[in-house]
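# Descriptive analysis of the structure
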Amino acid sequence: MLEKGKISSIALVFLLIDLVGATAVVFLPALTAKFAGRDAWLVPVISTIPGIVVIMLVTELGRRFPGKTIIEYLQIILGNWPGKAVAVLYIFFFIHTNGVIIRQFGELITTMMMPHTPIVVLHTIFVLLAAYAVRSGLEVIGRLWELTFPWVFILYVILLLFSFQKAEFHRLLPVLENGFKPVLQGSITPSAWRGEVMILAMFLPYLAEPSQGRRMGIWSVIIIGAILIADAVLNTAIFGPSTSRQVFPSFTIVNEMVIGGFLRVDIAIVIIWLVTMLIKIALFYYAAVLGTAQLLNMKDYKPITLPIGVILTALSILSIENSTGIPAYATTGYPPFAYLVELVIPLAVLLIAAGRGLKPKY
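Okay, so let's go over this structure. (Residues numbered from 1 in each chain as written. Predicted model: local features only at pLDDT ≥ 70, side-chain atom pairs only at ≥ 80, totals over all residues. Heavy atoms only, no water.)

## Some remarks on the overall build of the protein chain
Our working definition: Segments assigned H or I by DSSP are reported as helices when at least four residues long, segments assigned E as strands when at least two residues long, and all are numbered from the N terminus. This radius of gyration counts C-alpha atoms alone. The globule rule is 2.2 Å times how many residues there are, raised to the power 0.38. Each residue gets one of three labels from its accessible area relative to the maximum for its type: buried under 20%, exposed over 50%, partly exposed in between, using a 1.4 Å probe on protein chains only. The contact rule is simple, with two residues in contact once any of their heavy atoms fall within 4.5 Å. In this description, accessible areas are obtained by the Shrake-Rupley approach with a 1.4 Å probe, and a residue is regarded as covered only by the protein chains that are shown.
Helix and strand counts for the protein chain come out as 14 helices and 2 strands. Taking 21 Å as the expected radius of gyration for a compact globule of 362 residues, we find that the protein chain reaches 20 Å, a close match to that expectation. Dimensions along the principal axes, computed over C-alpha positions, put the protein chain at roughly 60 × 45 × 35 Å. Split into buried and exposed, the 362 residues of the protein chain put 55% on the buried side. Expressed as a percentage of contacts within the protein chain between residues at least 6 apart in sequence, the contacts between residues at least 24 apart total 83%. Accessible surface, the protein chain as shown: approximately 15000 Å² in total, 70% of it carbon and sulfur.

## What to know about the environment of Pro346
For Pro346, the position within the fold is in helix H14 (residues 325-355). Linking Pro346 and Leu161, residues 185 residues apart in sequence, is a C-alpha distance of 39 Å. Setting aside residues up to four positions removed in sequence, Pro346 forms contacts with Leu57, Leu61, Tyr90, Leu340 and Val341.

## Observations concerning unusual backbone geometry
Along the chain, Leu173 connects to Pro174 via a cis peptide bond; the corresponding omega equals -5°. Summarising the element assignment, Pro174 is placed in the loop between helix H6 (138-163) and helix H7 (181-186). Positive phi values are uncommon outside glycine, yet Leu176 reaches one of about 55°. Within the secondary structure, Leu176 is located in the loop between H6 and H7.

## Things to note about the environment of Thr313
Convention followed: Each polar contact in these results corresponds to two N or O atoms within 3.5 Å; when the atoms are within protein, one needs to be able to donate a hydrogen and the other to accept it, and residues that are neighboring in sequence are counted only if both atoms are side-chain atoms.
Position of Thr313 relative to the elements: it lies in helix H13 (residues 305-318). When the C-alpha atoms of Thr313 and Ile95 are compared, they prove to be 9.9 Å apart, with 218 residues separating the residues in sequence. Not counting the four nearest positions on each side in its chain, Thr313 is found in contact with His123, Thr124 and Val127. At 2.9 Å, the side chain of Thr313 forms a polar contact with the backbone oxygen of Gly309.

## Focus: the side chain of His96
Tracing the backbone shows His96 in helix H4 (residues 80-112). For His96, a relative accessible area of 14% puts it in the buried group. Apart from the residues within four sequence positions on either side, His96 is in contact with Leu315, Ser319 and Tyr329.

## Comments concerning the nonpolar core
Among soluble globular proteins, nonpolar side chains are generally buried collectively. Basically, it comes down to this: Within this scheme, the nonpolar core is defined by two criteria: the residues are buried Ala, Val, Leu, Ile, Met, Phe, Trp, Tyr or Cys, and they are joined through side-chain atoms within 4.5 Å.
Ile70, Tyr90, Phe94 and Tyr285 are the most contacted members of the largest nonpolar core, which has 116 residues in total. With 19 residues, the top contributor of residues to this core is helix H12 (residues 266-295). Ile70 has contacts with Tyr90, Met198, Ala201 and Met202, leaving out every residue within four places of it along the chain. Counting residues in each nonpolar core, the second largest holds 5 residues, with Ala36, Ala40, Leu42 and Val183 among its members.

## Describing the side chain of Thr110
Counting through the fold element by element, Thr110 comes out in helix H4. At 3.1 Å, the side chain of Thr110 forms a polar contact with the backbone oxygen of Glu107. Apart from the residues within four sequence positions on either side, Thr110 is in contact with Pro115, Thr117, Ile119 and Leu122.

## Notes on H14
Condition: For a helix, the expected span equals 1.5 Å multiplied by the number of residues minus one. Two axes define the bend at a residue: one fitted to the seven residues ending there, one fitted to the seven starting there, and the bend is the angle between them.
Helix length check: H14, at 31 residues, gives a terminal C-alpha distance of 42 Å against a target of 45 Å (1.5 Å per residue), a fit within 8%. Its axis deflected by about 50° at Tyr334, H14 carries its strongest bend there, up to four residues before the proline Pro335. Looking one or two residues beyond H14, the residue adopting positive phi is Gly357, at roughly 80°.

## Section: the packing of aromatic side chains
Threshold: Each Phe, Tyr or Trp ring, with Trp reduced to its six-membered ring, pairs with another whose centre is within 6.5 Å; inter-plane angles below 30 degrees give stacked pairs, above 60 give edge-to-face pairs, and intermediate values give tilted ones.
Using the criterion set out here, one finds 13 aromatic pairs in the structure. On the basis of an interplanar angle of 15° and a centroid distance of 6.3 Å, the ring pair of Phe93 and Tyr334 is categorised as stacked. With a gap of 241 residues between them, Phe93 in helix H4 and Tyr334 in helix H14 connect regions that are remote in the sequence. Of the two residues, Phe93 and Tyr334, both sit in the buried class. Connected via pairs of aromatic rings, a cluster forms that spans Phe92, Phe93, Phe94, Phe284, Tyr329, Tyr334 and Phe337.

## Some remarks on helix H5 (residues 119-136)
Here H5 spans 26 Å end to end across 18 residues, near enough to the 26 Å set by a 1.5 Å rise per residue. Restricting attention to buried positions, one finds in H5 the residues Leu122, His123, Phe126, Val127, Ala130, Ala131 and Val134. One or two positions beyond H5, positive phi appears at Gly137, with a value near 105°.

## Here we look at the packing of helix H1 (residues 9-36) against H6
Quick reminder of the rule: Working convention: axes come from line fits to C-alpha atoms, limited for helices to the stretch in contact. Angles between N-to-C directions cover 0 to 180 degrees. Here the word oblique covers every angle except those under 35 degrees (roughly parallel), over 145 (roughly antiparallel) and from 65 to 115 (roughly perpendicular). Left-handed describes a crossing in which the near helix is turned anticlockwise from the far one by less than a right angle; the clockwise case is right-handed.
Close contact between H1 and H6 brings their axes to 9 Å; oriented N to C, the two are set at 55°. Considering the angle they form, H1 stands oblique to H6. Here the hand of the crossing between H1 and H6 comes out left-handed. Each of Ile10, Ala11, Phe14, Leu15, Ile17, Asp18 and Val25 in H1 lies in contact with H6, whose residues at this interface are Ile141, Gly142, Trp145, Glu146, Phe149, Pro150 and Tyr156.

Shown next as structure tokens:
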């Protein structure tokens with residue numbers, strides 16, 4: 001194995017929660033409100049189902065190929081060259097998706113806090129910090145986040161509770177006034193984002209107890225759903241119909257919050273998003289680096305960390321023309337690609353493996 005470290009089951013839960021929640025909490029409320037309106041809080045309920053399906057698929061594959069990532073067992077199931085071709089698609093997914101994540105983060109920072117800082121400078125800093133984490137290894141990332149996440153989560157919950165003083169819950173009524181169709185339409189993009197938990201297919205071999213992967217993965221998806229439901233309820237109760245017109249509604253709530261008449265708390269939410277986004281960037285970065293090293297049969301993944309970082313930085317600038325292109329890509333460009341690598345390919349590969357009589361090993 002290229003990676004010698006192991007992560008605990010609880011670290012896996014925390015990492016998967018951050019993987020989806022870091023961006024979903026910030027960007028999804030406005031996107032879902034455009035379709036579902038006041039029923040946007042129902043969207044996380046619907047999108048939890050595809051997330052669980054993805055976990056079931058990747059863990060079922062992992063049980064048949066213990067100790068191997070999706071990059072490795074694709075070549076076993078599909079054959080050498082077809083397997084390598086699909087593996088390249090996954091590596092591209094990790095890199096391209098991470099480029100968009102970095103761009104989202106950069107736009108958030110420049111829009112809300114540092115409007116005069118060139119975005120390429122911010123992206124370079126993000127990538128360098130993430131590169132250091134990647135070179136440190138998955139176990140270091142897991143242990144760090146296992147220690148940090150509970151405090152970040154507690155701080156986030158406290159901010160949510162203080163935000164409820166501005167909520168007017170009558171704005172959530174009537175429920176399903178326009179039927180269920182808008183909710184289903186609004187769940188298309190969130191379901192694709194929730195499917196990002198397929199990155200478990202890269203981490204499962206390095207779980208201290210791989211047999212716990214499915215249970216921990218499902219719990220992660222359920223907890224993510226609960227967080228996003230609370231976030232959607234709060235945004236709708238505070239902004240009402242104008243939620244869809246906000247750029248970063250969750251940030252706007254705390255940006256204007258004052259406790260005790262003098263204590264501003266926007267710096268707290270900035271710290272939360274800085275930490276959570278950097279962890280998410282590092283996870284996708286790690287998956288791309290490890291996958292590339294496995295595809296090229298390298299003995300060490302560290303030498304390609306910085307070259308892939310250069311590609312990431314370039315893609316983060318070139319992938320989307322400007323900030324207005326982020327919602328368009330998230331709602332139209334990303335979902336088809338995401339569904340292909342998160343659901344369609346894993347299902348097809350699992351059916352082929354089952355057809356060849358490959359049984360689960362645990």
